[in-house]
Amino acid sequence: MIVDAHTHCWARWPHSPPVPDPVSRGAYLSLLHEMDGAGVGAAVVVSAPLPGSPGNNEYVAEAVAACPGRLYQFADVDSRWSDRYHRPGAAGRLAEVCERLSPAGVSHYLADRNDGWLRSAEGRAFFAAADRRRLAVGLAASPGWFADILVAAAAVPETPVLLNHLGLVMLHPDGVAAGLDIVRRGAGQPNLIVKVSGYYYGHERPWDYPFRDRLMIVRAFYETWGPHRMAWASDFPASAPHVTYRQSLEVVREHAGFIDPADLPSVLGGTMGAVLDGSWRDGTWPAGADVRGRGARR
């Protein structure tokens, strides 16, 4: 089954500029329609209670309840737009969100500036709270956070830590080559998983499907982290100005020719499916997969 590792849905479109269809543009029914058309069986919906949609955690929970087995929530906890961002008590707020919504994971968007929170007692408690609840943690982080992400992930080695949109290595201030060094440094931390998505971020031509220059980043992850630590994602509907839903899938399935056909099922759904059902954490999926070691292809 194909599993989309990163989507969004909103009761009302929260982004600027305004759109003529703010109620339907981000609705979960629109997401399901796109999934059906592309043959995608399930999707993770990453909550994002942006200022234009403050009740998004609750809306996504309602969508998941209406679509059991198809949609899974990563609930937002204290992301950068929140007035609680990196204030004391994050672990307690994570527990409260989980008790109320029972998500499959939690999501935390970090600000551009690294304030040291991941290495702090508060940050460590946050990750420990997710670990106790057997929840995956999704992070949106600029390259400046990566060294601290490695420390945080190492402290909870059984917890999958997912990095949004190729780890945003393409946004490294010193260029893509410096960003690729991040890929190499992360190869030895086996609970890090990268979402294969967001090729258009920072791109001079964000409509330039199939983003052949970004595929070199996908290849770097494939050759160092391996397919069992990669999860395809559409980023729908944020991706809609740049690619269709089907194109977001075909970037990998059709155009990433360096991926062995035997490995495509892992990238296109196996990895994320194993995170969602707990078998990735338990080391029971897939048979023979090296998700506890380096995970690299040589």
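Going by the structure above, here's the rest.
Residues numbered from 1 in each chain as written. Predicted model: local features only at pLDDT ≥ 70, side-chain atom pairs only at ≥ 80, totals over all residues. Heavy atoms only, no water.

(A) Summary view of the side chain of Glu250. Examined against the element boundaries, Glu250 turns out to sit in helix 8 (residues 245–253). Among the polar contacts listed, one links the side chain of Glu250 to the side chain of Arg253, at a separation of 2.6 Å. (Helix = DSSP H or I, 4+ residues; strand = E, 2+ residues; numbered from the N terminus. Polar contact = N/O pair within 3.5 Å; in protein donor to acceptor, adjacent residues only side chain to side chain.)

(B) Focus on the pairing of strand 1 (residues 3–7). Across the five residues of strand 1, five count as buried, placing the element largely inside the fold. Pairing of strand 1 with strand 2 (residues 42–46) involves three bridges; the strand directions are parallel. Its bridge partner being in strand 2, Thr7 is matched across the sheet by Val45. The β-α-β motif built from strand 1, the intervening helix 1 (residues 28–38) and the parallel element strand 2 has right-handed crossover chirality. (Buried < 20%, exposed > 50% of the residue type's maximum accessible area, 1.4 Å probe, protein only. Pairing = 2+ DSSP bridges. Right-handed = clockwise from strand over helix to strand, strands pointing away.)

(C) Representation of the packing of aromatic side chains in the model. Overall, the coordinates contain 12 aromatic pairs when judged by the stated rule. Ring centres of Trp81 and Tyr109 lie 5.0 Å apart, and the angle between their planes is 45°; on these two criteria the pair is classed as tilted. With Trp81 in the loop between strand 3 (71–76) and helix 3 (90–101) and Tyr109 in strand 4 (residues 105–109), this residue pair connects regions lying 28 residues apart in the sequence. Residues Trp117 and Phe126 carry aromatic rings whose centres are separated by 5.4 Å and whose planes lie at 65° to one another, so their mutual orientation is edge-to-face. Using a relative accessible area of 6% as the deciding quantity, one classes Trp117 as buried. Site record: aromatic cluster; members linked through ring pairs are Tyr199, Tyr200, Tyr201 and Phe211. Directly above the ring of Trp13 sits Arg25, whose terminal nitrogen or CZ lies 5.9 Å from the centroid. Taking the ring centre of Trp225 as reference, the NZ or CZ of Arg229 above it sits at 4.5 Å. (Phe/Tyr/Trp six-rings, centres within 6.5 Å; stacked < 30°, edge-to-face > 60°. Lys NZ or Arg CZ within 6 Å of the ring centre and 35° of its normal.)

(D) Spatial organisation of the nonpolar core. By size, the foremost hydrophobic cluster in this structure holds 81 residues, and its most contacted members are Leu71, Phe127, Tyr199, Phe221, Trp225, Trp232 and Val252. Excluding its chain neighbours within four sequence positions, the residues that come into contact with Phe221 are Leu166, Val169, Val183, Val194, Gly226 and Met230. Listed in part, the 17 residues of the second largest apolar core include Val3, Val44, Val46 and Phe74. (Core = buried A, V, L, I, M, F, W, Y, C linked by side-chain atoms within 4.5 Å. Contact = heavy atoms within 4.5 Å.)

(E) Geometry of the side chain of Asn56. Counting through the fold element by element, Asn56 comes out in helix 2 (residues 56–66). Residue classification places Asn56 among the buried residues on the basis of a relative accessible area of 0%. With residues up to four places along the chain from it excluded, the contact list for Asn56 reads Cys9, Trp10, Val46, Ser47, Ala48 and Pro49.

(F) Structural context of the packing of helix 5 (residues 146–155) against helix 6 (residues 176–186). At a closest axis distance of 11 Å, the pairing of helix 5 and helix 6 adopts a crossing angle of 15°. Our classification of the angle between helix 5 and helix 6 gives roughly parallel. Taken as a pair, helix 5 and helix 6 cross one another with a handedness that is right-handed. Facing helix 5, whose interface residues are Phe146, Ala147 and Leu150, helix 6 presents Ile182, Arg185 and Gly186. (Axes fitted to C-alpha atoms, helices over the stretch in contact; angles between N-to-C directions. Parallel < 35°, antiparallel > 145°, perpendicular 65-115°, else oblique. Left-handed = near helix turned anticlockwise from the far one by under 90°.)

(G) Examining empty space enclosed by the protein more closely. Evaluated as defined, the whole model comprises one cavity of 30 Å³ or more. Estimated volume of the largest cavity: approximately 70 Å³. Lining the largest cavity are Leu139, Ala140, Ala141, Ser142, Pro143, Phe146, Ile149, Leu163, Asn164, Gly167, Val169 and Ile182. At the level of elements, strand 5 (136–140) and helix 5 are the ones that each hand at least two residues to the lining of the largest cavity. Here the lining of the largest cavity is built from residues that sort into nine nonpolar, three polar and no charged. (1 Å grid on protein atoms, 1.4 Å probe; cavity = no way out; pocket = protein on both sides within 12 Å on 5 of 7 lines; lining within 4 Å. Points joined across faces, edges and corners; volume = space filled by probe spheres on them. Nonpolar A, V, L, I, M, F, W, Y, C, P; charged D, E, K, R; others polar.)

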